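One-letter residues, chain by chain:
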Amino acid sequence: MKWSYWKAVVRYGHVGKRKEISVARYLVMPEHSTMIDVMNVINEMPGTKNRAVLSLRKVDVAEYLEGRRAEKENFFLQRLFDVQQAQ
């Protein structure tokens, strides 16, 4: 199976009243996936706001891998994933 790689800037909530944080997320989807498919996956992610996607574009494998490394160092995402695993 072939894959497509995406970079999305996503708005997350739950950081205070009427506040949000924007985080770059990197996703891998089947090759035939469209932007709408990726947006639907993002909207199902826990903690995202309504109309969560600020920007979305296809990237190559190298940028995807570098982005995934950066995600592991992002303090907000670390806390989000820790809370999800605790539940």
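Please refer to the structure placed before this passage.
Residues numbered from 1 in each chain as written. Predicted model: local features only at pLDDT ≥ 70, side-chain atom pairs only at ≥ 80, totals over all residues. Heavy atoms only, no water.

A. The side chain of S4, seen in detail. Here S4 is to be found in strand β1 (residues 3–12). Within the structure, the side chain of S4 is placed 3.2 Å from the backbone oxygen of P30, a separation counted as a polar contact. Residues contacting S4, with those up to four places away along its chain left out, are L27, V28, M29, P30, E31, S33 and K58. (Helix = DSSP H or I, 4+ residues; strand = E, 2+ residues; numbered from the N terminus. Polar contact = N/O pair within 3.5 Å; in protein donor to acceptor, adjacent residues only side chain to side chain. Contact = heavy atoms within 4.5 Å.)

B. Region of the structure containing the nonpolar core. By size, the foremost hydrophobic cluster in this structure holds 14 residues, and its most contacted members are A8, V10, Y12, L27, V38 and I42. Secondary-structure elements contributing two or more residues to this core are β1, β2 (21–30), α1 (35–44), β3 (48–59) and α3 (75–86). Of the residues forming this core, the biggest block, 4 residues, is contributed by β1. Those residues in contact with V38 that lie beyond four places of it in its chain are W6, L27, M29 and L56. (Core = buried A, V, L, I, M, F, W, Y, C linked by side-chain atoms within 4.5 Å. Buried < 20%, exposed > 50% of the residue type's maximum accessible area, 1.4 Å probe, protein only.)

C. How the structure looks around the packing of aromatic side chains. Applying the stated criterion to the full structure yields 1 aromatic pair. On the basis of an interplanar angle of 45 degrees and a centroid distance of 4.9 Å, the ring pair of Y5 and Y64 is categorised as tilted. In this pair, Y5 is assigned in strand β1 and Y64 in helix α2 (residues 61–73), connecting sequence segments 59 residues apart. Comparing Y5 with Y64 shows no difference in burial state: the two are buried. (Phe/Tyr/Trp six-rings, centres within 6.5 Å; stacked < 30°, edge-to-face > 60°.)

D. Structural context of the environment of Y5. Given a relative accessible area of 19%, Y5 falls into the buried group. The spacing of Y5 and L65 is 60 residues in sequence and 9.5 Å in space, taken between C-alpha atoms.

E. Looking closely at the pairing of β1. Taken across its 10 residues, β1 has 7 buried, putting it largely inside the fold. Taken together, the 10 bridges between β1 and β2 define a ladder with antiparallel strand orientation. By the bridge assignment for β2, W3 is matched with P30. Looking at chain direction, β1 and β3 are connected through 7 bridges and run antiparallel. Along β3, the bridge assignment pairs A8 with L56. (Pairing = 2+ DSSP bridges.)

F. Looking closely at the pattern of salt bridges. Scanning all chains against the criterion turns up 4 salt bridges. Between E66 and R69 there is a salt bridge; the shortest N-O distance is 2.8 Å. Residue E66 and its partner R69 are located together in helix α2, separated by 3 residues, close to a single helical turn. You can call E66 partly exposed: its relative accessible area is 47%. If you follow the salt bridges from partner to partner, you end up with R25, R68 and E71 in one network. (Salt bridge = Lys/Arg side-chain N within 4 Å of Asp/Glu carboxyl O.)

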